[in-house]
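# A structural walkthrough
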Amino acid sequence: MTTQTPMQVGMVGLGRMGANLVRRLIQDGHRCVGYALTESTVQQLSNEGMTGATSLADLVAKLDRPRAVWLMVPAAAVQSTLDQLITLLDPDDVVIDGGNSYYRDDITRARQLAEHRIHYLDCGTSGGVWGLERGYCLMIGGEEAPVRRLDPIFKTIAPGRGSAELTPNRTRDGTAPEGYLHCGPSGAGHFVKMVHNGVEYGMMAAIGEGLSIVRHANAGKTTRLADAETAPLRDPEAYQYDIDIAEVAELWRRGSVVGSWLVDLTADALARSPELDDFTGRVSDSGEGRWTVQAAIDESVPAPVITTALVERFESRGLGEFTDKVLSAMRSEFGGHAEKHG
């Protein structure tokens, strides 16, 4: 479907997300000017219909006023990019930060740009590498007028109504069923995206832990040491199951109340590699989980699942190793307990 309201947008940052946003916009009839530090990336997308830019100044010069510039750069690079853009843009231009910036930074940046009469929108963007095909869920913060002006852009990027069944009891109008929402003033979009990612942490952890428990359902078949340092398995006969984890993940996709896109992706990964041999289990966190937990503390909202999922990611990177050494040392000191090796 081609948009009935074609617009022009400048994309700064052409990584996996930025490049696919450009492709989705072009496919729907919008015009895109793109800039990235890597010339080959700009050239590739230029071959696909994008107008390439050699610098931020060149990108701004190639945009029609009032301009719309979408930033898809790492959170650490947003401020320096904005500082350069401020000197290049004109009043009534709009800058959209589509990355994963901290919502409190959005409040400060919106004020900074407002001094130059430039609009600033924060747009939490979820969809990952599948967004080109499926569309991106957009959580938008900022002034109402520029959000309304750029509605055709958001509508194209979002999945659309056909991406999910209609909610049976929903009666109100709005864009949420399309897959995008103006959540409120500056920072509101990234706030909702922040919590979205915190929820994602908890869901991912629960799926991983559940499958791991099923995988170890044969614990009664293994021989355990019988000594004071090893807790015995009380009923070995209750843990005699060799269950195919890949098949369980496939099963849970169909008719189960835990069926979800995350389970779909897990089943696909296990179909390729039942032992997940390509992964070490080191899980990064890019900040949103931490910020979600901090917001929960500030709001006095209990969030034990998200908090534990965040801490589990720290543990996966070996950041609890010294803690474990201290525990082992204390056991040795008060009880003469020797460490087990191997």
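My aim in this report is to walk through the structure given alongside it, one point at a time. (Residues numbered from 1 in each chain as written. Predicted model: local features only at pLDDT ≥ 70, side-chain atom pairs only at ≥ 80, totals over all residues. Heavy atoms only, no water.)

Turning our eyes to something else, we now look at the side chain of His-119. Residue placement: His-119 occurs in strand S6 (residues 119-126). The class for His-119 is buried, based on a relative accessible area of 14%. There is a polar contact of 2.9 Å between the side chain of His-119 and the side chain of Asp-92. Excluding its chain neighbours within four sequence positions, the residues that come into contact with His-119 are Asp-92, Asp-93, Val-94, Val-95, Leu-113, Glu-143, Pro-146 and Arg-149. (Helix = DSSP H or I, 4+ residues; strand = E, 2+ residues; numbered from the N terminus. Buried < 20%, exposed > 50% of the residue type's maximum accessible area, 1.4 Å probe, protein only. Polar contact = N/O pair within 3.5 Å; in protein donor to acceptor, adjacent residues only side chain to side chain. Contact = heavy atoms within 4.5 Å.)

What follows is about the pairing of strand S5 (residues 94-97). Look at any regular strand and the pattern is simple: side chains alternate between the two faces of the sheet. Both faces of S5 are covered, namely the face carrying Val-94 and Ile-96 and the face carrying Val-95 and Asp-97. Strand direction decides the pairing type here: strand S4 (residues 68-71) and S5, joined by 4 bridges, are parallel. Counted as the bridge partner of Ala-68 is Val-94 from S5. Once you follow S4 into helix H4 (residues 75-86) and on to S5, the crossover reads as right-handed. Relative to S6, S5 runs parallel, the two being bridged by 4 bridges. Following the sheet pairing, Ile-96 is matched in S6 by Leu-121. Chirality of the crossover, the property in question, places the unit of S5, helix H5 (residues 103-114) and S6 among those that are right-handed. (Pairing = 2+ DSSP bridges. Right-handed = clockwise from strand over helix to strand, strands pointing away.)

This next bit is on helix H12 (residues 288-299). Helix length check: H12, at 12 residues, gives a terminal C-alpha distance of 16 Å against a target of 16 Å (1.5 Å per residue), a fit within 8%. Residues of H12 that are buried: Glu-288, Gly-289, Trp-291, Thr-292, Val-293, Ala-295 and Ala-296. Where H12 is buried, its residues meet helix H9 (188-215) and helix H13 (304-316). A positive backbone phi angle near 60° is found at Ser-300, which sits one or two residues after H12. (Expected span 1.5 Å × (residues − 1).)

This paragraph deals with unusual backbone geometry. Residue Arg-65 is joined to Pro-66 through a cis peptide bond whose omega torsion reads -10°. Although it is not a glycine, Leu-276 adopts a positive phi angle of roughly 50°. For Leu-276, a relative accessible area of 34% translates into the label partly exposed. A positive phi angle is found at Ser-300, which is not glycine, with a value near 60°. Note on placement: Ser-300 falls in the loop between H12 and H13. By relative accessible area, which is 63% here, Ser-300 ends up exposed.

Topologically, Arg-148 is positioned in helix H7 (residues 144-149). For the pair Arg-148 and His-182, spaced 34 residues apart in sequence, the C-alpha to C-alpha distance is 9.1 Å.

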